[in-house]
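Okay, here's what each chain looks like letter by letter:
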Amino acid sequence: MAPVIKTVNLTHLYGEKTLFEVTAIINVSIEIEKGEFVGIIGHTGSGKSTLIQHFNGLLKPNSGKVLLDGKDIWESRESVRSARFKVGLCFQYPEYQLFEETVYKDIAFGPKNMGLGDDEINTRVRRAAGYVGLSGEQLEKSPFDLSGGEKRRAAIAGVMAMEPEVLVLDEPTAGLDPRGRDTVLGLIKEYREQTGSTVILVSHSMDDVARLASKALVLNKSEVAMFGPVDEVFSHGRELMKMGLNVPEVTRIFMGLRDRGLPVSTSVYTCEQGRRELLRLSGEVSP
Amino acid sequence: MIRDITIGQYLPGNSVLHRLDARMKAVLTFFFIIVIFLCKNFWSLGLMIAFTLLFTAISKVPLRMMLKSLKPIFVILIFTAVLNIFYTDGGRELFGFWKLSVTDKGLYTAGFMVIRIICLITGSSLLTYTTTPTLLTDAIERLLSPLKVFKIQVNTLAMMMTLALRFIPTLIEETDRIMNAQKARGADLESGGFIKRAKALIPILIPLFVSAFRRAYELAFAMECRCYRGGEGRTRMKQMKLKARDLGAAFLVAALFCGVFFLNYRFKALI
């Protein structure tokens, strides 16, 4: 089966042929399989946002190709438009895109643009609201009356309601408090489990990527530095640190323990793995 | 793309023109524009063109950028030329058809007007290409400060101008972001008739206004936190001082002034 998203030598420049020409991404060739959960990590300005905007045809590559289900999305006007609905893109601080009178109408904006019937729109809006935990009462409120976290969730629901094959989220937890962060990450996880759709998550938090994603894509200076299963990527801790990136906090703790002479494994990426490793160690050390 | 808008776009550089005192530059640009309209024949206009090219060369602004600033007025140029060709009375008729006739005087006038407008735009773009918006508003504030006599709050006006200029790029970026976000939800901004397109702007304008107000509040708070109490008595970090090169520039423009007067007087007026 063809991968859901495939890019071939994708290159993008901003402000081509002007004084302000900047290379955003160079020669990115990746394949993302159906149902995968990919975490994209990299510095600010490493090209993460540029890359994801190619997935749904918002940006046109200067050279190279983007294939959705094996078909070039820039083949025709219609294929670009269908890419918009196949790949749901949720930008950073999505709450700033809310504009309708009620939350319900705002979530319905996407499905309406798809040309769906009223009944279908209704089902989808309610389903999406369910994923993000918004009550029927909240749906009738003005989006501007919601709290910060609720606004964020309403905006995410607006993308989910299109029921895209691939859901791309650009730092969905930026600027939220710890509880808001956990809620949003939890609902993304649940959404994926319920729909089985492919999810791509751009994040600064190595912990979040380690906890949720199955694969990690590391971008450094406009190029793909690493792409593979999460534990494989994080096992290159030193290289990541050289790029000025990091490994999950718990991995750093175990690397520190190792440096201090404790016989622990450093391939520990989540708290759960850490707990097990410590238990194993204490079983080994104490009689 | 929306990023291509160049209102008062500053091009970083280190030419003499960049380093001139902003006040002097503003005043000289003003005089430069006056001189353009004092030219009465092709000799003085030629001198004008020479000086325009000279200043462009000194500024080291790429010719491509200069042409780009002329692009938006292309239609106006054509319009002016056509009107002048057909609506100028007198002169020798070169050829004519129907009720329209083309005279040599008409052609001259048209050429004259087009060159004037090009000089005008080039001159004023040079000012904005070589001066940062902040410096420019600073300069305008200084130049307008005599108006304080009439109880006009020059400081406040200048601050408003600075802020407005400062937020143009920010709001353009914001518009870009919101447009992308709505396009990602399938908003169709490119097709349909006038009404459909106008309607398609609602999902962009509402978030844009909301965010503009939010930014305004945040900025007001930030300014008050740093004890901004309106203009009176504020001093500045960067003092403006006139230097030798500013006087040099003034002499250059004065020379242009005299040259144009002389050539106007020496040769007969065309229009």
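Residues numbered from 1 in each chain as written. Chains lettered and ligands numbered in written order. Predicted model: local features only at pLDDT ≥ 70, side-chain atom pairs only at ≥ 80, totals over all residues. Heavy atoms only, no water.

## Topic: helix α7 (residues 133-144) of chain B
Residues and elements named next belong to chain B.
Right, on to step 1. The terminal C-alpha atoms of α7 lie 16 Å apart, and with twelve residues this matches the ideal 16 Å at 1.5 Å per residue to within 8%.
Right, on to step 2. Listed as buried for α7 are Leu136, Thr137, Asp138, Ala139 and Glu141.
Right, on to step 3. The inward-facing, buried residues of α7 abut α2 (22-38), α6 (104-130) and α8 (154-184). (Helix = DSSP H or I, 4+ residues; strand = E, 2+ residues; numbered from the N terminus. Expected span 1.5 Å × (residues − 1). Buried < 20%, exposed > 50% of the residue type's maximum accessible area, 1.4 Å probe, protein only. Contact = heavy atoms within 4.5 Å.)

## Details of the interface of chain B and chain A
Right, on to step 1. Each side of the interface is counted separately: chain B has 24 residues, and chain A has 27 residues.
Right, on to step 2. Both faces considered, chain B and chain A share a buried interface measuring about 2100 Å² in area, 59% of it formed by carbon and sulfur atoms.
Right, on to step 3. The largest share of the area that chain B buries against chain A comes from B:Asn180, B:Ala184 and B:Arg185, three residues that together contribute 31% of it.
Right, on to step 4. Applying the counting criterion to the chain B and chain A interface returns one salt bridge.
Right, on to step 5. In this structure, B:Arg185 and A:Asp106 form a salt bridge, with 3.1 Å as the shortest nitrogen-oxygen distance.
Right, on to step 6. Elements with a minimum of two residues in the side of chain B that touches chain A: α4 (63-70), α8 and α10 (202-225) of chain B.
Right, on to step 7. With seven residues, the top contributor of residues to the side of chain B that touches chain A is α8(B).
Right, on to step 8. Residue classes in the side of chain B that touches chain A are distributed as twelve nonpolar, five polar and seven charged. (Buried area = accessible area lost by both parts, 1.4 Å probe. Salt bridge = Lys/Arg side-chain N within 4 Å of Asp/Glu carboxyl O. Nonpolar A, V, L, I, M, F, W, Y, C, P; charged D, E, K, R; others polar.)

## Description of the domain arrangement of chain B
Residues and elements named next belong to chain B.
Right, on to step 1. Here chain B is partitioned into domain 1 (1-152 + 239-271) and domain 2 (154-230).
Right, on to step 2. A C-alpha centroid distance of 32 Å is found between domain 1 and domain 2.
Right, on to step 3. Taken residue by residue, the interface counts 14 residues in domain 1 and eleven residues in domain 2.
Right, on to step 4. Counting the surface lost from both domain 1 and domain 2, the interface buries some 1100 Å², and carbon and sulfur atoms represent 74% of this.
Right, on to step 5. At the boundary of domain 1 with domain 2, the tally comes to zero salt bridges.
Right, on to step 6. Across the domain 1-domain 2 interface, the total number found is zero residue pairs in polar contact (both at pLDDT 80 or more).
Right, on to step 7. Per-class residue counts for the side of domain 1 that touches domain 2 are eight nonpolar, three polar and three charged. (Domains from an automatic or database assignment. Polar contact = N/O pair within 3.5 Å; in protein donor to acceptor, adjacent residues only side chain to side chain.)

## Focus on unusual backbone geometry
Peptide bonds are, in most cases, trans, and in most cases residues other than glycine have a negative phi.
Right, on to step 1. At A:Lys221, a position not held by glycine, the phi torsion is positive, near 45 degrees.
Right, on to step 2. Within the secondary structure, A:Lys221 is located in the loop between β10 (215-220) and β11 (223-229).
Right, on to step 3. Positive phi values are uncommon outside glycine, yet B:Cys227 reaches one of about 65 degrees.
Right, on to step 4. Looking at where B:Cys227 falls in the secondary structure, it is placed in the loop between α10 and α11 (244-266).
Right, on to step 5. Here B:Cys227 falls in the exposed class, since its relative accessible area comes to 59%.

## Observations concerning a nonpolar patch on the surface
Residues and elements named next belong to chain B.
Right, on to step 1. Together, Leu144, Leu147, Val149, Phe150, Ile152, Leu157 and Met160 line one region of the surface with nonpolar side chains, adding up to about 670 Å² of accessible area.
Right, on to step 2. Its location among the elements puts Leu144 in helix α7.
Right, on to step 3. Using a relative accessible area of 36% as the deciding quantity, one classes Leu144 as partly exposed. (Patch = residues over 30% accessible without salt bridge, like charges linked within 9 Å, V, L, I, M, F, W, Y side chains within 5 Å. Areas by Shrake-Rupley, 256 points an atom, 1.4 Å probe, with all protein chains shown as cover.)

## Quick notes on the sheet that holds strand β4 (residues 37-42) of chain A
All names here are of chain A.
Right, on to step 1. With mixed pairing, six strands are arranged side by side in an open sheet as β7-β8-β9-β4-β10-β11. The two strands at the open ends of the sheet, each matched to only one other strand, are β7 (87-90) and β11. Looking at each pair of strands side by side, their axes are set apart by 15 degrees on average, direction ignored.
Right, on to step 2. The pairing of β10 with β11 spans six bridges and is antiparallel. Across the sheet, the residue bridging to Val218 is Met226, located in β11. (Pairing = 2+ DSSP bridges. Axes fitted to C-alpha atoms, helices over the stretch in contact; angles between N-to-C directions.)

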